[in-house]
Amino acid sequence: MNPPRTGLDRAIKALVAGSGKPLSRDEALLAISALRDIGVLSGPTEALSLDRSRLATTEELRQAIRIGVDTSSSVTQHSDSQICVSTPPSLPPAANHVIRGVCIDLRSALLDLIATADKTIVIASPFWDAATSDELVGILAKRLKGGVAVSILGRFENDLPFDVRTALKRIEKRSSYNVFSWYEQSDRGTETFHFKALTIDKGRRGYLGSANMTASSLRSRMELGIILSGEPAIQLDKVLRVAMSVAKPVVL
């Protein structure tokens, strides 16, 4: 027996029945794409095939899709800030589709910031690993050769991990390239930082979020951040420079 055929309107009813306001065409197309991801719909938009058995077992996923569609419709395209996200590979396709529909990719956003810097780059992350350091040094080296000053702030309890040091040493020694560590232990306890941030050009744009400069944060777990511009990015850059002023230089 052939599966029932349905058009756009009937397909959307499977998602929105009894759940509130009607969808615009753009929202409908986003919903259809997500429903295809979870196997509820298949085929071209004008002649969609509805899998009723799959429909019956995906209520929670379809609710998540509806939330994502509602959220995407309220996001302004001209905002000075953008939410960015990294997601684990095991995230269900429908959930990933919804998140990617309203957020930009975190790792790509960070690389884009670095690549577009004209004067300064400041990266602050408590934890670093060799894989991410290896990935960053290539693009940082190019920006240094282009006259951009690069500063890195980490939280290194004793010293740079050997593999991270090896990666960061690949960048040619320049006076405009500096690595700092802020981790102090005293009678009052440990003084350090926990934020993860990046600014370019003294606050022309910036990033503030939860992701460390590690492969696990950027590729295999869910992390969130925000890309800033304008006054908030300038303020963030000032905070980073204050943090570096109390940190210790690391000799590579």
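Residues numbered from 1 in each chain as written. Predicted model: local features only at pLDDT ≥ 70, side-chain atom pairs only at ≥ 80, totals over all residues. Heavy atoms only, no water.

Draft legend 1. Molecular detail of the overall build of the protein chain. What the protein chain contains, in helices and strands, is ten helices and 14 strands. Of the contacts formed within the protein chain by residues at least 6 apart in sequence, a portion of 73% connects residues at least 24 apart. For the protein chain, the computed accessible surface area is about 13200 Å², with 54% contributed by carbon and sulfur atoms. (Helix = DSSP H or I, 4+ residues; strand = E, 2+ residues; numbered from the N terminus. Contact = heavy atoms within 4.5 Å. Areas by Shrake-Rupley, 256 points an atom, 1.4 Å probe, with all protein chains shown as cover.)

Draft legend 2. Molecular detail of the environment of Leu50. The residue Leu50 is located in strand β3 (residues 48-50) in this model. A relative accessible area of 10% places Leu50 in the buried class. In this structure the C-alpha to C-alpha distance between Leu50 and Val40, which are ten residues apart in sequence, comes to 5.9 Å. (Buried < 20%, exposed > 50% of the residue type's maximum accessible area, 1.4 Å probe, protein only.)

Draft legend 3. Spotlight on a nonpolar patch on the surface. Where nonpolar side chains cluster on the molecular surface, the patch consists of Ile83, Met222 and Leu224 and spans about 270 Å² of accessible area. Here Leu224 falls in the partly exposed class, since its relative accessible area comes to 46%. (Patch = residues over 30% accessible without salt bridge, like charges linked within 9 Å, V, L, I, M, F, W, Y side chains within 5 Å. Salt bridge = Lys/Arg side-chain N within 4 Å of Asp/Glu carboxyl O.)

Draft legend 4. Focus on the pairing of strand β4 (residues 82-86). The pairing of β4 with strand β13 (residues 223-229) spans five bridges and is antiparallel. Across the sheet, residue Cys84 finds its bridge partner in β13, namely Gly225. (Pairing = 2+ DSSP bridges.)

Draft legend 5. Local environment of helix α10 (residues 231-245). The first and last C-alpha atoms of α10 sit 21 Å apart over 15 residues, in line with the 21 Å expected at 1.5 Å per residue. Packing partners of the buried residues in α10 comprise β6 (120-124), β7 (149-154), β8 (177-181), β11 (196-200), β12 (205-209) and β13. (Expected span 1.5 Å × (residues − 1).)

Draft legend 6. Local environment of the nonpolar core. Among the nonpolar cores identified, the biggest contains 33 residues, and Ile121, Leu140 and Tyr207 are the most heavily contacted of them. Elements supplying a minimum of two residues to this core: α6 (106-115), β6, α7 (130-145), β7, α8 (162-168), β8 and β11. The residues touching Tyr207, leaving out its near neighbours within four places in the chain, are Cys84, Leu106, Leu110, Leu113, Lys196, Ala197, Leu198, Leu224, Gly225, Ile226, Ile227 and Leu236. With 14 residues, the next largest nonpolar core counts Val122, Leu153, Ala233 and Ala247 among its residues. (Core = buried A, V, L, I, M, F, W, Y, C linked by side-chain atoms within 4.5 Å.)

Draft legend 7. Region of interest: the pattern of salt bridges. Evaluated as defined, the whole model comprises nine salt bridges. The closest approach of N and O atoms between Asp112 and Arg205, which form a salt bridge, is 3.3 Å. One end of the pair, Asp112, is in helix α6; the other, Arg205, is in strand β12, and 93 residues separate them in sequence. Here Glu184 and Lys248 are joined by a salt bridge, their closest N and O atoms 3.4 Å apart. Linking Glu184 in strand β9 (residues 183-186) with Lys248 in strand β14 (residues 248-249), this pair joins segments that are 64 residues apart in sequence. For Glu184, a relative accessible area of 26% gives the class partly exposed. Put simply, Arg107, Glu135 and Arg219 are held in one network by salt bridges that share partners.

Draft legend 8. Main features of unusual backbone geometry. The phi dihedral of Asp201 is positive, around 55°, even though this residue is not glycine. With respect to the secondary-structure elements, Asp201 resides in the loop between β11 and β12. Look at Asp201 and you get buried, because its relative accessible area is 11%. For Lys202, which is not a glycine, the phi torsion comes out positive at approximately 55°. In this structure, Lys202 sits in the loop between β11 and β12.

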